[in-house]
Each structure stands twice: as C-alpha cells, then as structure tokens.
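Structural overview
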Amino acid sequence: MCAEEQATFRDEFPVLAAGPLLARTGAGRVVEVLRVKLGFPRALFDGGVLPLVHSYAEFVQLLPALTPRRGEEEGGLLLHGLEAASSALDFRRGQILPRGASPEVIGELHHRWTYAVFIAALLHHIERPVCERRVLMRQAGREPESWLPFAGALSTREALSYRWERAALPVDETARGKLALFMFDRFVPIGMIEWLSADADLMRELLCHLGGEPAAERSALHELAARGAAHAAGIEWRPMVSPVSPSASASSVSAPVPDKSSAGDSGADFDQDFLDPVDDPLPAPRRRKVR
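Structure report, in brief. Bear in mind that the values here come from a model prediction, so they are computed numbers and not experimental data.

To continue, consider the overall build of the chain. For the chain, the count of helices and strands is 13 helices and four strands. Burial statistics for the chain: of 291 residues in total, 52% are counted as buried. By sequence separation, contacts in the chain at least 24 residues apart represent 76% of the contacts at least 6 residues apart. Here the chain has roughly 13,600 Å² of accessible surface; of this, 54% comes from carbon and sulfur atoms.

Set out below in structure tokens:
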C-alpha cells in the first residue's frame, strides 16, 4: 500500500494475515497453550488445528467481542474465541465423553471429542459479534462497501482495509446458527472432518450445537462450549435445570474451574491425559489450504 493510500485509510484497520494478527493481539501465546491442552503430535496440530485457528483469525480480523470482559477492544473477538476454547478444554478434563460409553470406547474417542470441544467453543455464538457490527471494507480504487460474512473473509474479497460501526438494524434471525456452520465447512481441514464423521453421534451433536438447534442445549458439547465462552467473557454460567438420569450422573463429574490466567500459562501443569498418543487422521494429500 502506498503512502497516499495509508494516509487515506488511517482511520481504518488494514486487512492482515493470521501471523500478524496473532502477534498484534498477543493471541499466539493462547495458541501455544491450546497445543498443550489438545495433546496432539506437532504434525497433527500444525495440519489439523492451526489451519482452523489461522482461518478464524483472518475471518474475524480485529473485530470486537462485545463481551463484558473484552467490550469494544480491538482484536477482542480473536482473543475471546481462543480463550473460550482454552477454558472449554479445561472443563472437558472433568468430563467423561461420550457419556454412557464403555471405557474402551471412551479411550478410543478421547482425542476426537477433545477436538470437537475445541471447535464447539471457538465458534460458539460467532454470529452475534460478527453480525451485530456493520463492517465496511475498502477495495483498491473503490469506496467502502458493506462486508457480507457469508461471502468469505475480507482477504478473499481483496479488501485492503476496513472499519466497523454498530448495525442500524437488529441481527437477521436467519443468520443465527448458520455462520458457525459456514465457518466449520470452510475452515476445518477436510481430513479432520472425515475423522470426526467416523463417529456419527459426535458429528450429529457437534452440528446441532453449531447450528443453534434447541435439541443441542442439553448436550455435552454445548455445555462445555457455553461454559468456556462464559468464563472467557467474564460472566457467570448457569446450567439448564433438568432432571439428571443415573447414567448421566455416573458418566460425568464436576469440572475444575480454570484459573483466569490459564490462557497465558506455559502448559507445564496440565494433566497428562492431554498428551496421550493419537493417530494422524490427515494424510498429506488431503490437507485443506487455509482460506
């Protein structure tokens, strides 16, 4: 961008790639903590987790989170999503998933469910902060125009810069629950989707949660994602009141409340169950490029 363009756009934010965004917001430190908590081998983390993190970062850019903790803070949505996922993984350590399964199945599916918890929390209620702000993007040689999230990330629209303002109209209800599914389809590597799909019950629960379906509100993934998001936002989480069956009470235990500084921990004190070996579900030819 030339000096004249920089002067013209000085009241706007430049569209950045994932690396600069993580560095500018300090979110790279949270990503390293997530690597430890997920417990995947480095190659699997790099091929199965980082593409989602990078795509998420490039999609939300420096948009605010609109939470009590982050408010209108620049880059708040990026930090909130990663911190929510980090907290949800802490709560996941106190859950035996899938509920009611045999110990053999629980051990076999441990990493698959952990990865699903990460996705569920990262994309939890993503439509509110994205759709309740009108984002104006500027492309080369053109006047600012509205960015439509379902058209893809700002970088894919060849936008140079952007700014946001409070939306004049309420969020279109048709967008609720659909943006998370859109991001899941676009940003999760195809090999990881196939890996999750091998467990039909897990995939069904995850898609119900991302789609905002009422049936998902009592599911384990929804509970963990909601708890993680509430903790990251600095608000109290209140579980839905419902009768607890004997099988449900026997298959889950109370999860520890993560320390508020856990997003910046080195990871040295995390339980070793996050470090169990896991097979790589990502054959090299099937890795999806970051968009």
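Now that the structure is up, let's keep going.
Counting residues in each nonpolar core, the largest one holds 73 residues, and the members touching the most others are Leu 82, Tyr 115, Phe 118, Ile 119 and Phe 184. The leading source of residues in this core is helix α4 (residues 42-60), at 10 residues. Beyond its immediate sequence surroundings of up to four residues, Ile 119 is in contact with Leu 52, Phe 184, Val 188, Leu 196, Leu 206 and Leu 210.

The sheet built from four strands is open, its strands ordered β1-β4-β2-β3 with antiparallel pairing. The open sheet has two edge strands, β1 (13-14) and β3 (145-146), and neither has a second partner. Where strand β2 (residues 133-139) lies against β3, two bridges are found, and the strand directions are antiparallel. Across the sheet, residue Met 137 finds its bridge partner in β3, namely Glu 145.

Turning to unusual backbone geometry, a few remarks are in order. Of note, the amide linkage connecting Leu 97 to Pro 98 takes the cis form, showing an omega dihedral of -5°. Inspection of the secondary structure puts Pro 98 in the loop between α5 (76-92) and α6 (103-108). Not every positive phi belongs to a glycine, and Leu 66 is a case in point at roughly 60°. Its identity is not glycine, yet Glu 158 carries a phi of approximately 60°, on the positive side. With respect to the helices and strands, the residue Glu 158 is situated in the loop between β3 and β4 (159-166).

The next subject is the environment of Ser 197. Residue position: Ser 197 is located in helix α10 (residues 190-197). Assessed through its relative accessible area of 37%, Ser 197 is described here as partly exposed. Sequence-wise, Ser 197 and Arg 112 are 85 residues apart; in three dimensions their C-alpha atoms are separated by 9.7 Å.

Before going further, it helps to examine the pattern of salt bridges. Counted according to the given criterion, the structure contains 15 salt bridges. Across the pair Arg 70 and Glu 83 runs a salt bridge, and its minimum N-O distance is 2.5 Å. Taken together, the positions of Arg 70 in the loop between α4 and α5 and Glu 83 in helix α5 put the pair 13 residues apart, joining distant regions of the chain. In terms of burial, Arg 70 and Glu 83 fall into one category: buried. Across the salt bridge formed by Glu 165 and Arg 134, the nearest N and O atoms sit 3.0 Å from each other. Of this pair, Glu 165 sits in strand β4 while Arg 134 is found in strand β2, placing the two residues 31 residues apart along the sequence. Through salt bridges with shared partners, a single network forms among Arg 69, Arg 70, Glu 73 and Glu 83.

To continue, consider the environment of Pro 14. Relative to the helices and strands, Pro 14 resides in strand β1. With 148 residues separating them in the primary sequence, Pro 14 and Tyr 162 have C-alpha atoms 6.5 Å apart.

Turning our attention to the side chain of Arg 70. When its relative accessible area of 14% is taken as the criterion, Arg 70 is described as buried. Setting aside its immediate chain neighbours within four residues, Arg 70 contacts Ala 65, Gly 76, Leu 79 and Glu 83.

Our next topic: the packing of aromatic side chains. Note on aromatic pairs: each is described by the distance of the centres and the angle between the planes. On inspection of all chains with the given rule, the structure shows 10 aromatic pairs. Between Phe 13 and Trp 164 the ring centres are 4.9 Å apart and the planes differ by 5°, which places this aromatic pair in the stacked class. Residue Phe 13 is found in strand β1, and its partner Trp 164 is found in strand β4; the two are separated by 151 residues along the sequence. Summarising the burial analysis for this pair, Phe 13 and Trp 164 share the class buried. Site record: aromatic cluster; members linked through ring pairs are Phe 40, Tyr 115, Phe 118 and Trp 195. The ring of Phe 91 carries the charged tip of Arg 227 above its face, separated from the ring centre by 4.2 Å.

Basis of the calculations
- The residue count restarts for each chain, going from 1 along the sequence in the order it is written.
- The predicted origin of the model limits local features to residues at a pLDDT of at least 70 and limits the giving and counting of side-chain atom pairs to 80 or more, whereas totals for whole chains, interfaces and linings rest on all residues.
- Processing note: side-chain calculations cover all non-hydrogen atoms of the structure and skip hydrogens and water entirely.
- In this description a helix means any DSSP run of H or I spanning at least four residues, a strand means any run of E spanning at least two, and both kinds are numbered starting from the N terminus.
- Exposed residues in this analysis have more than 50% of their type's maximum accessible area, buried residues have under 20%, and partly exposed residues fall in between, with area computed by a 1.4 Å probe over protein chains only.
- Two residues qualify as a contact provided that any one of their heavy atoms is within 4.5 Å of a heavy atom in the partner residue.
- The method behind every accessible area is Shrake-Rupley, applied with a 1.4 Å probe, and residues are considered shielded solely by the protein chains displayed.
- In this text, buried Ala, Val, Leu, Ile, Met, Phe, Trp, Tyr and Cys residues form a nonpolar core when linked through side-chain atoms within 4.5 Å.
- Should DSSP find at least two bridges between two strands, the strands are regarded as paired.
- Within this document, salt bridges are pairs made up of a side-chain nitrogen of Lys or Arg and a carboxyl oxygen of Asp or Glu, the two lying within 4 Å of each other.
- A pair of Phe, Tyr and Trp rings is counted when the ring centres sit within 6.5 Å of each other, with Trp represented by its six-membered ring. The angle between the planes then sorts it: under 30 degrees is stacked, over 60 is edge-to-face, the rest tilted.
- Whether a charge lies above a ring is judged from NZ of Lys or CZ of Arg, which has to be within 6 Å of the ring centre and within 35 degrees of the ring normal.

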